[in-house]
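If you want the building blocks of each chain, they are given just below.
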Amino acid sequence: MIKKSIFRFYTFFLVCLILGIPEYAKAQTYTSFQSELNSIVERTRLRIGPFRIIPRIDFRFLRYEWNIFYQTEDEKPASDFTSTISPELNVYLILKDRLILRLTDRLSYVHFYKFKDQRRLNNFFSPELKLLLFNRFVLVGTYSNTRDRGRPTSEFNIWANQYRESFRGTLFYQTPRQTSVGISYSQNKLLYDDITFPGQEVSLSRILNRKDENVMFEFNYPVFSNSFFFITANYTDHDFEHTEDFDRRSYSLQALTGFRFPLIGGITGTLAVGYKQIMPKAEGLEGKTGLIGNTGLNFRSGRLGARISFNRDFPFSLWDNNVFFVNNRYLFGGSIYLTRFLRIDYDYSLGRSKYPELIPLFYPDGSFENIERIDKYHTHTVRFVFKLFKEIGLGISANQWVRDSNYLGETRSQIYLDASLILNF
């Protein structure tokens, strides 16, 4: 009986995974009303009455980490095994090809084998309404609620609980050729637990809790088959909950332009570069103006594959002596399909974080100096992927992560091995 129960569980798990593959492949920033309608109909594998259901599941069944809490060598880093399972359900209701109602619920359970107090059930919940008016206008309303535990930025050494609640309303005008222009308004509330980051006196909630209000303009123009040239421009007001310790209230202006490539083909992904200005409202604090980017491209030809990515932004800092920091990330990777059932991947990621405000660095002898803090990141990943069924693969990977900082006590390293199921072999 036990063997039959185990067999039934894994059969159900595999069916859900197979049904979920198209949802993973279709993720995209922008889609017209008709394109999304066609995609939903095409991907639907299960129907209950008028409801179309698209399930998906991710499963990293085992990971061993040598430094769970990103501790220094002197702190005797702790290690543990973890497992993560993330089922997702997307339910759609289509009414007269004019209205699309979507409900997404994604759970993610992270299991620690030794550190039981770190076990968490994360959740993402989001309903959405998309209405087509007069065959030209698309009205979209979205709500999302996220409860997540992790490391939101590269600064985080500890695991932190993050709560996010968002509202977004969008109005688009689109043509039969899928050219579109639209404007959106959104509110995003971000909260953290009232915990103190090691080495600081002020809690994360007092440093990072805020509400963002954003107005964005977007233009999309088809240039190739399923490829779009796009321009986005937005203004964001960042209103922090606590200003008595350190006034972080600020605003930002941002513009991006580039190309979105099709989801299947020789080249996939997004090429985007732009410009951003972030300005603190409090006097005496330095702002930042400069280049930003959010590019991730994948190339495939025969047995060879390659990928590059570039990300540059100015995220808010958890340190109370800087409002934000300049963050750069580059990734270069390649894949080789040795056989029809074996793929080998290698990725190298290089990062650099720079802080605009000088930071006091205290030495063990009691002396100090003000420095311009710079952190450098190096990540190497090797992965072997064995094809199991159609586009499903078993991935076994080794990862080394190193942060090299000129700020005393912030140099850290991490190594982990994991085994997981990979979609899109």
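Above: the structure in question.
Starting afresh in each chain, residues are numbered from 1 along the sequence in its written order. Confidence filtering applies because this is a predicted model: local features only for residues at pLDDT of at least 70, side-chain atom pairs given and counted only at 80 or more, and all residues used for totals across whole chains, interfaces and linings. The basis for every side-chain value is the complete set of non-hydrogen atoms in the structure, without hydrogens or water.

> It is not clear to me how the overall build of the chain should be interpreted in this structure. Could you clarify?
Comment: elements are numbered from the N terminus, with helices defined as DSSP H or I runs of at least four residues and strands as E runs of at least two. Tallying secondary structure elements over the chain gives three helices and 21 strands in all. Over its C-alpha trace the chain gives a radius of gyration of 23 Å, about what one expects of a compact globule, namely 22 Å for 425 residues. Taking the principal axes of its C-alpha atoms as reference, the chain extends roughly 70 × 55 × 40 Å. By the convention used here, residues are in contact when the closest approach between their heavy atoms is within 4.5 Å. Long-range pairs, those at least 24 residues apart, make up 56% of the contacts in the chain with a sequence separation of at least 6. Computed with the Shrake-Rupley method and a 1.4 Å probe, the accessible areas treat only the protein chains shown as cover for residues. Element-wise, carbon and sulfur atoms account for 61% of the exposed surface of the chain, whose accessible area totals about 22400 Å². Only four residue types enter the tally: Lys and Arg on the positive side, Asp and Glu on the negative side; His and the chain ends are excluded. All charge positions are set by atom: Lys at NZ, Arg at CZ, Asp at CG, Glu at CD. Measuring between centres, the 54 positive side-chain charges of the chain sit 12 Å from its 44 negative side-chain charges. We take the radius of gyration over the C-alpha atoms and set the globule estimate at 2.2 Å times the residue count to the 0.38 power.

> Would you mind showing me how to read empty space enclosed by the protein here?
In this approach the atoms are scanned with a rolling probe the size of a water molecule, which exposes any empty space left behind. Site definitions follow a grid-based scheme: protein atoms alone, a 1 Å grid, a 1.4 Å probe that fits but cannot get out for cavities, and for pockets an open set with protein on both sides within 12 Å along at least five of seven lines, plus lining residues having an atom within 4 Å of a point. Grid points are joined across faces, edges and corners, and a volume is the space filled by probe spheres set on the points. Within the structure shown, the criterion is met by one cavity of 30 Å³ or more. Estimated volume of the largest cavity: approximately 40 Å³. Forming the boundary of the largest cavity are V110, F112, Q118, R120, N122, R149 and W159. Looking at the lining of the largest cavity, the elements that each hand over two or more residues are β4 (99-112) and β5 (120-133). Of the residues in the lining of the largest cavity, the class split is three nonpolar, two polar and two charged. Residues are sorted three ways: Asp, Glu, Lys and Arg are charged, Ala, Val, Leu, Ile, Met, Phe, Trp, Tyr, Cys and Pro are nonpolar, and all the rest, Gly among them, are polar.

> What is the right way to read unusual backbone geometry from this model?
Most peptide bonds adopt trans geometry, and most residues besides glycine take a negative phi value. Its identity is not glycine, yet Y70 carries a phi of approximately 50°, on the positive side. Within the secondary structure layout, Y70 lies in the loop between β2 (51-65) and β3 (80-95). Taking the relative accessible area as the measure of exposure, Y70 reaches 13% and is therefore buried. Of note, D97 is a non-glycine position whose phi angle comes to about 55°, a positive value. Any residue under 20% of the maximum accessible area for its type is buried, any over 50% is exposed, and the rest in between are partly exposed; the area is computed with a 1.4 Å probe on protein chains only.

> What is the right way to look at the pattern of salt bridges in this model?
Side-chain pairs of opposite charge can arise where the charged atoms are in close proximity. Any carboxyl oxygen of Asp or Glu that lies within 4 Å of a side-chain nitrogen of Lys or Arg is treated as forming a salt bridge with it. A complete count under the given rule lists 20 salt bridges for this structure. When the shortest N-O distance is used, the salt bridge between E88 and R106 registers 3.0 Å. Residue E88 is located in strand β3, and its partner R106 is located in strand β4; the two are separated by 18 residues in the primary sequence. The class of R106 is partly exposed, set by a relative accessible area of 32%. Put simply, R307, R343, D345, D347 and R383 are held in one network by salt bridges that share partners.

> Whenever I open this one, the pairing of β5 confuses me. Can you help?
Along any regular strand, the residues point their side chains to alternate faces of the sheet. At least two bridges found by DSSP between two strands are what make those strands a pair. In this sheet, β5 lies alongside β4 in antiparallel orientation, the contact comprising twelve bridges. When the bridges of β5 are listed, S108 appears paired with N122. Counting the residues in the hairpin turn of β5 and strand β6 (residues 137-150) gives three residues, including F134, whose phi is positive at 55°.

> In this structure, what is going on with the nonpolar core? I would like to understand it.
Judged by nonpolar contacts, the single largest core of 29 residues is most densely connected at F156, L204, L208 and L318. The set of elements that each furnish at least two residues to this core consists of β8 (180-192), α3 (204-208), β10 (227-240), β12 (267-280) and β17 (359-362). The element contributing the most residues to this core is α3, with three residues. One finds Y92, I94, L132 and F172 within the second-largest nonpolar core, a separate group that totals eleven residues. Nine residue types can take part in a nonpolar core, namely buried Ala, Val, Leu, Ile, Met, Phe, Trp, Tyr and Cys, and a core is a set of them joined through side-chain atoms within 4.5 Å.

> How should the pairing of strand β20 (residues 392-405) be read in this particular structure?
Bridge count for strand β19 (residues 374-389) against β20 is 14 bridges, and the pairing is antiparallel. Across the sheet, residue H380 finds its bridge partner in β20, namely Q400. The hairpin turn running from β19 into β20, its antiparallel successor, is two residues long, and K390 in that turn takes a positive phi close to 50°. Count of turn residues in the β20/strand β21 (residues 412-423) antiparallel hairpin: six residues, of which G409 carries a positive phi of about 90°.

> Can you walk me through helix α2 (residues 33-43) in this structure?
Since one α-helical turn is 3.6 residues long, residues separated by three or four positions face the same way. Along α2, the residues that are buried comprise F33, E36, L37, S39, I40 and R43. Each buried residue of α2 sits inside an arc of 165° when the element is viewed along its axis, so together they form one side. The directions considered for the arc are those from the helix axis to the C-beta atoms.

> It is not clear to me how the side chain of H238 should be interpreted in this structure. Could you clarify?
Residue placement: H238 occurs in strand β10. Since its relative accessible area comes to 8%, H238 is described here as buried. Under the rule applied, a polar contact is a pair of N or O atoms within 3.5 Å (in protein, one hydrogen donor and one hydrogen acceptor; residues adjacent in sequence only if both atoms are side-chain atoms). In terms of polar contacts, H238 uses its side chain to reach the side chain of D212, at 2.9 Å. Here H238 is in contact with R210, K211, D212, R249, S250, Y251, S252 and F316, once residues within four sequence places are set aside.

> Would you mind showing me how to read a nonpolar patch on the surface here?
Patches draw on residues past 30% relative accessible area with no salt bridge. Two like charges within 9 Å are joined, as are two nonpolar side chains (Val, Leu, Ile, Met, Phe, Trp, Tyr) within 5 Å. There is a patch of nonpolar side chains on the surface, built from L133, F134, F137, L139, L171, Y173, I183, Y185 and V215 and spanning about 820 Å² of accessible area. Where the nonpolar patch is concerned, the elements lending two or more residues are β6, β7 (160-174) and β8.

> What exactly am I supposed to notice about the environment of I396 here?
The topology assignment puts I396 in strand β20. On the accessibility criterion, I396 (40% relative accessible area) is partly exposed. Residues I396 and R60 lie 336 residues apart in sequence; the distance between their C-alpha atoms is 10.0 Å.

> In this structure, what is going on with the side chain of E218? I would like to understand it.
You can see E218 is positioned in strand β9 (residues 210-224). Among the polar contacts made by the side chain of E218, one reaches the side chain of N220 at a distance of 3.1 Å.

> Just to check I follow, could you spell out the packing of aromatic side chains for this structure?
Aromatic rings considered in pairs are described by the distance between their centres and by the relative angle of their planes. When two rings of Phe, Tyr or Trp (its six-membered ring) have centres within 6.5 Å they constitute a pair, described as stacked for plane angles under 30 degrees, edge-to-face for angles over 60, and tilted for the intermediate range. Inspection of the entire model under this criterion finds 19 aromatic pairs. Only when the NZ atom of a Lys or the CZ atom of an Arg is both within 6 Å of the ring centre and within 35 degrees of the ring normal do we say a charge sits over the ring. Lying over the aromatic face of Y416, R63 brings its terminal NZ or CZ to 3.7 Å of the ring centre. The side chain of R151 reaches across the aromatic face of Y70, ending 3.7 Å from its centre.

> Where do I start with the environment of N234 in this structure?
Tracing the backbone shows N234 in strand β10. In the structure, N234 is positioned 22 residues away from L256 in sequence and 9.1 Å away in space, judged by C-alpha atoms. Excluding residues that lie within four positions of it along the chain, N234 makes contacts with N214, V215, M216, S252, L253 and Q254.

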